[in-house]
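Architecture and fold: a report
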Amino acid sequence: MPDRIVVPLVSILGLFGLWAGAAALTADAQILPFPWALAEPLAEAIRSGELPYHLGRTLIRVAWAFCLAMALGLALGLAMGRLPRLDRWLDPWLVVFLNLPALVLIVLCYLWIGLTETAAIVAVTLNKIPQVTTVIREGARALSPDLDAMAQVYRMPGLARLRHVVLPQLAPFIVAAARSGIAVIWKIVLVVEFLGRSDGIGFQIHLYFQLFDVTMVLVYALSFVVVMLAVEWLFLQPWERRIRRWRAA
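Residues numbered from 1 in each chain as written. Predicted model: local features only at pLDDT ≥ 70, side-chain atom pairs only at ≥ 80, totals over all residues. Heavy atoms only, no water.

When you go through the protein residue by residue, the secondary structure sums to 10 helices and zero strands. Reading the protein from its N terminus to its C terminus gives the helix and strand order α-α-α-α-α-α-α-α-α-α. For the protein, with 249 residues in total, the buried portion stands at 35%. Of all intrachain contacts in the protein linking residues separated by at least 6 positions in sequence, the fraction that spans at least 24 positions is 70%. (Helix = DSSP H or I, 4+ residues; strand = E, 2+ residues; numbered from the N terminus. Buried < 20%, exposed > 50% of the residue type's maximum accessible area, 1.4 Å probe, protein only. Contact = heavy atoms within 4.5 Å.)

Structure follows, in structure tokens:
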């Protein structure tokens with residue numbers, strides 16, 4: 001098996017070994033159960049349909065917020081990176097939203113829009129757009145002026161220039177924004193569900209937190225971590241390797 005598969009698996013096994021050692025030291029399943037103690041509750045949650053349902057609801061929110069944040073952040077970051085005057089006007093706004101606590105935006109969206117699905121997705125999207133914009137803006141600032149000049153000499157149309165000149169150079173920055181976006185968005189989605197939704201992984205964690213059921217909190221939390229690891233390994237990392245292939249050519 002290739003190292004890029006073996007090494008992560010061995011690393012995860014080491015993490016589970018550390019978890020088992022900590023559980024043995026606490027010697028109290030109410031505080032920290034052993035990893036294998038989650039197998040039966042996990043199987044029961046899957047059989048009952050609760051885990052797939054709530055996991056699906058959370059994934060839908062993550063997908064919506066991710067797509068919106070990436071699209072809007074990409075457009076705004078590219079514009080700010082390419083247009084210095086626009087960047088000077090919008091930079092203070094960007095700094096404000098970068099430093100505005102996620103909890104504040106979530107609460108305000110719920111107060112202004114209501115405890116609705118729209119408010120939840122808007123809150124998560126607004127929290128992520130400034131980070132995507134910042135990463136893409138730095139990428140736009142680093143675009144090669146020589147390639148820009150070449151595109152002007154050959155009179156490339158705007159869309160062709162974007163597709164063949166700008167986006168290939170921005171690709172590593174887009175991957176970086178996407179990777180951090182997935183990591184941040186699903187955490188914010190859990191907070192949104194914890195505070196104001198009646199379904200989703202965050203709602204279930206809130207429920208079992210009230211019951212002080214550490215085992216079920218870990219079951220629901222780890223189920224989503226597994227999904228995010230699958231997204232990272234099956235989609236983001238192969239995409240990143242494909243994008244970087246031309247650098248080694």
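Okay, a nonpolar patch on the surface next. Residues Leu-103, Val-107, Leu-111, Trp-112, Ile-113, Val-191, Phe-194, Leu-195 and Phe-209 make up a contiguous nonpolar surface patch of about 920 Å² in total accessible area. Elements with a minimum of two residues in the nonpolar patch: helix 5 (102-113) and helix 8 (158-196). The biggest single contributor to the nonpolar patch is helix 5, with five residues. Mapped onto the fold, Ile-113 is located in helix 5. Relative accessible area serves as the criterion here: at 40%, Ile-113 is assigned to the partly exposed category. (Patch = residues over 30% accessible without salt bridge, like charges linked within 9 Å, V, L, I, M, F, W, Y side chains within 5 Å. Areas by Shrake-Rupley, 256 points an atom, 1.4 Å probe, with all protein chains shown as cover. Salt bridge = Lys/Arg side-chain N within 4 Å of Asp/Glu carboxyl O.)

A separate point is the UniProt feature "transmembrane region" (unreviewed entry) in the protein. On the UniProt side, "transmembrane region" (unreviewed entry) is annotated at positions that read residues 62-81, 93-113 and 207-236 here. Taken end to end, residues 93-113 is 90% helix and 0% strand, and its first and last C-alpha atoms sit 22 Å apart. (UniProt positions renumbered as here; feature names shortened; annotations may be inferred.)

Turning to its location among the elements, Gln-204 is positioned in helix 9 (residues 201-210). Setting aside residues up to four positions removed in sequence, Gln-204 forms contacts with Glu-50, His-54 and Tyr-220.

The next point concerns unusual backbone geometry. Positive phi, normally seen in glycine, also occurs at Phe-212, with a value near 55 degrees. Mapped onto the elements of the fold, Phe-212 is located in the loop between helix 9 and helix 10 (214-248).

Another point: the pattern of salt bridges. This model, assessed by the stated rule, comprises 12 salt bridges. Arg-61 serves as the salt-bridge partner of Glu-193, at 2.7 Å between the closest nitrogen and oxygen. Of this pair, Glu-193 sits in helix 8 while Arg-61 sits in helix 3 (residues 50-82), placing them 132 residues apart in sequence. Comparing Glu-193 with Arg-61, the two get one shared label, buried. Among the ionic pairs, Arg-137 bridges to Asp-87, the shortest N-O distance being 2.9 Å. Here the residue Arg-137 occupies a position in helix 6 (residues 117-141), and Asp-87 occupies one in helix 4 (residues 84-99), the gap between them amounting to 50 residues. For Arg-137, a relative accessible area of 8% puts it in the buried group.

Helical periodicity: at 3.6 residues per turn, an α-helix aligns residues three or four positions apart in one direction. Spanning 16 residues, helix 4 covers 22 Å between terminal C-alpha atoms, matching the ideal 22 Å at 1.5 Å per step. The largest bend along helix 4 measures about 45 degrees and falls at Leu-90, with the proline Pro-92 one to four residues further on. Within helix 4 the residues assigned to the buried category are Asp-87, Leu-90 and Leu-94. Where helix 4 is buried, its residues contact helix 3 and helix 6. (Expected span 1.5 Å × (residues − 1). Bend = angle between axes of the 7 residues up to and from the residue.)

Orientation of helix 5 relative to helix 6, taken along the N-to-C sense of each, is 150 degrees, at an axis distance of 9 Å. For the pair helix 5 and helix 6, the sense of crossing is right-handed. Touching Ala-102, Leu-105, Ile-106, Cys-109, Tyr-110 and Ile-113 of helix 5 are Ala-119, Ala-120, Val-122, Ala-123, Leu-126 and Asn-127, all from helix 6. Of the residues belonging to the contact of helix 5 with helix 6, the class tally is 11 nonpolar, one polar and no charged. (Axes fitted to C-alpha atoms, helices over the stretch in contact; angles between N-to-C directions. Left-handed = near helix turned anticlockwise from the far one by under 90°. Nonpolar A, V, L, I, M, F, W, Y, C, P; charged D, E, K, R; others polar.)

Core analysis: the largest hydrophobic core is formed by 44 residues, its most contacted members being Ile-185, Val-192, Ile-201 and Tyr-220. When contributions to this core are tallied by element, the ones reaching two or more residues are helix 3, helix 5, helix 6, helix 8, helix 9 and helix 10. Among the elements that make up this core, the one with the highest residue count is helix 8 (12 residues). Those residues in contact with Tyr-220 that sit more than four places away from it in its chain are Ala-45, Glu-50, Leu-51, His-54, Ile-201, Gln-204, Ile-205 and Tyr-208. (Core = buried A, V, L, I, M, F, W, Y, C linked by side-chain atoms within 4.5 Å.)

With that settled, consider the packing of aromatic side chains. Tallying each qualifying case throughout the model produces five aromatic pairs. Between Phe-194 and Phe-209, the aromatic rings sit 6.3 Å apart at their centres with planes inclined by 50 degrees, giving tilted as the arrangement. Placement of the pair is Phe-194 in helix 8 and Phe-209 in helix 9, with a sequence separation of 15 residues. Note on Tyr-208 and Tyr-220: the rings are 5.9 Å apart at their centroids and 25 degrees apart in plane angle, and the pair reads as stacked. Of this pair, Tyr-208 sits in helix 9 while Tyr-220 sits in helix 10; the two residues are 12 residues apart in sequence, bridging distant segments of the chain. (Phe/Tyr/Trp six-rings, centres within 6.5 Å; stacked < 30°, edge-to-face > 60°.)

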